[in-house]
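The residues making up each chain are set out below.
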Amino acid sequence: MKILVTGGAGFIGSHLSKALIERGDNVVIIDNFNDFYDPKLKRDRISKFLKGCKFTLYEGDIRDYQFLETIFKKEKLDKVMHLAAVAGVRHSLIDPFVYEEVNVRGTLNLLELSVKYKIQNFIFASSSSVYGLSKEAIFSEHHCVDFPISMYAASKRAKELMAHVYSHIHGLNTVGLRYFSVYGPWGRPDMALFKFTKNILEDKPIDVYNYGKMSRSFTYIDDIVTGTLKAIDQNFKYEIINIGGAKEEQLMRYIKLIEKYLGKKAKKNLMPMQPGDIHVSMADSRKLSKLDWNPKTSIDEGIKHFINWYKNYYNVGDQEEAEAEQTASV
Ligand SMILES: NC(=O)c1ccc[n+]([C@@H]2O[C@H](COP(=O)([O-])OP(=O)(O)OC[C@H]3O[C@@H](n4cnc5c(N)ncnc54)[C@H](O)[C@@H]3O)[C@@H](O)[C@H]2O)c1
């Protein structure tokens, strides 16, 4: 299979590309290496994390239809795995326009070209944030998601709706994956685990929103990859699928585990809830379980892997242990 991975230099994209290449697929990556967070981390994912892997890389923007068309014409792709996006809830309160441009228009460009170039399956990243003001304790795909509370969530819901149109009108097979709080090595600097680890190591306080009264279905990156591969391998006409950790984990326990593996206490700045954020997000992943998927990594294990990676990558803390862990997990 020849698969286009948009956002392939990103956190999830780089892990997924590696898994696809290792199982023998032919991977074409698009990324614009923007500075939403340190682009060096994106470049290192390509040059270090994907070292030794064979793939084709195009540097460019999914907002650029002509650029995309050149790739579709040349590469004769079978499937599209669309991960490129402006991610993060909080930034969407500051700059809503870029979410519309990249997440909505960029996706529309890819849907159009997928029909024009007869792509077999179009799989894309949605998000648990679409559940917004849902009153349900556990989020399931059949719940109403008409009440998003950030432009990020609204742009993800827009993707799902556009994908339905393209499936219905043009017969394009589309699957939207609602990822729940993904974490792990090579993770994003704007996400809690990364920020907490960095600040604790640098003796800086960490901002803990809603006074710590939050919980999440934290999902380890390897579980996200196995779940995504399951979806890539199906031929659904149109499907929305949750991919989330099996347990509802409290934010305070998450912080305790970071402290445990850093061997250092956090200075906590207890703050009120941030606009746009949700208190609880718990995944009902039974739909994906029917495809023989179950999350395997506990947050205890996952946080340990992340911290060992972080120490090794940034050359901080107890190096020997970090290096041993890196070698063991390759
Ligand atoms: N990480 C999570 O917890 C999480 C949760 C839910 C959904 N998602 C979704 O999963 C996808 C991947 O997320 P991630 O955590 O790997 O984020 P990421 O920011 O690490 O990866 C996204 C990649 O897309 C690229 N990109 C952004 N705009 C682009 C553009 N206009 N043209 C080309 N490339 C562009 C970025 O440079 C980046 O490398 C996103 O769609 C995100 O919304 C992530």
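As shown above, the structure is provided for reference.
Visitor: Looking at this structure, how should I read the sheet that holds strand β3 (residues 56–59)?
Guide: To summarise the sheet geometry, strands pair through backbone hydrogen bonds and adopt either a parallel or an antiparallel arrangement. Reading across from one edge, β3-β2-β1-β4-β5-β6-β11 is the order of the seven strands in this open sheet, with parallel pairing throughout. Single-partner strands in this sheet number two, and they are β3 and β11 (238–243). When strand polarity is set aside, the average angle formed by the axes of neighbouring strands in this sheet is 20°. When strand β2 (residues 26–31) meets β3, the two strands line up parallel, connected through four bridges. From the neighbouring strand, Asp31 faces β3, where its bridge partner is Glu59. Along the sheet face, helix α8 (residues 221–232) touches β4 (79–82), β5 (121–127), β6 (173–179) and β11 and points at about 165° away from the line of β6.

Visitor: Is there a simple way to think about the site of the ligand in this case?
Guide: The full set close to the ligand counts 28 residues, and Gly7, Gly10, Ala85, Ala125 and Val182 are the nearest of them. Residue assignment for the shell around the ligand shows that the elements contributing at least two residues are α1 (11–22), β2, α5 (96–116) and β5. Here the shell around the ligand takes three residues from α1, the largest share from any one element. By residue class, the composition of the shell around the ligand is 15 nonpolar, eight polar and five charged.

Visitor: Even after reading the chapter, I still don't get the sheet that holds strand β12 (residues 249–250), so can you show me in this structure?
Guide: Taken in spatial order, the three strands make up an open sheet running β12-β9-β14, and their pairing is mixed. Strands at the two margins of the open sheet, each flanked by one partner only, are β12 and β14 (280–281). Across two bridges, strand β9 (residues 215–216) lies against β14 in parallel orientation. Within β14, the residue paired with Arg216 across the bridge is Ser281.

Visitor: Please explain helix α11 (residues 299–313) as it appears in this structure.
Guide: Structural remark: α-helix, 3.6 residues per turn; residues separated by three or four positions point the same way. Here α11 is 15 residues long and its end C-alpha atoms lie 20 Å apart, about the 21 Å a rise of 1.5 Å per residue gives. Of all 15 residues in α11, 11 are buried; the element is thus mostly enclosed. Among all positions of α11, only Ile299, Gly302, Ile303, His305, Phe306, Ile307, Asn308, Trp309, Tyr310, Lys311 and Asn312 are buried. Where α11 terminates, the next one or two residues include Asn315, which has phi positive at roughly 55°.

Visitor: Quick question: what am I supposed to make of helix α9 (residues 251–262) here?
Guide: In this model α9 runs 17 Å from its N-terminal to its C-terminal C-alpha over 12 residues, within 8% of the 16 Å that 1.5 Å per residue would give. Those residues of α9 not exposed but buried are Leu251, Tyr254, Ile255, Leu257, Ile258 and Leu262. Seen along its axis, α9 keeps its buried residues to an arc of 160°; they face one direction. Residues of α9 that are buried in the fold lie against α7 (192–201), β8 (206–208), β9, β12 and α11. The positive-phi residue at the C-terminal boundary of α9 is Gly263, with phi of around 65°.

Visitor: What is the right way to read unusual backbone geometry from this model?
Guide: Excluding glycine, residues mostly have negative phi values, and the peptide bonds linking residues are mostly trans. Positive phi, close to 45°, is recorded for Lys76, a residue that is not glycine. Structurally, Lys76 is set in the loop between α3 (65–75) and β4. Notably, Asp203 is not glycine yet its phi reads approximately 60°, a positive angle. Looking at the secondary structure, you find Asp203 in the loop between α7 and β8. With 8 C-beta atoms packed within 10 Å, Asp203 lands in the exposed category.

Conventions used here
Residues numbered from 1 in each chain as written. Predicted model: local features only at pLDDT ≥ 70, side-chain atom pairs only at ≥ 80, totals over all residues. Pairing = 2+ DSSP bridges. Helix = DSSP H or I, 4+ residues; strand = E, 2+ residues; numbered from the N terminus. Axes fitted to C-alpha atoms, helices over the stretch in contact; angles between N-to-C directions. Contact = placed C-beta atoms within 7 Å. Near = placed C-beta within 6 Å. Nonpolar A, V, L, I, M, F, W, Y, C, P; charged D, E, K, R; others polar. Expected span 1.5 Å × (residues − 1). Buried ≥ 20, exposed ≤ 12 C-beta atoms within 10 Å, placed from the backbone. Arc of directions from axis to C-beta.

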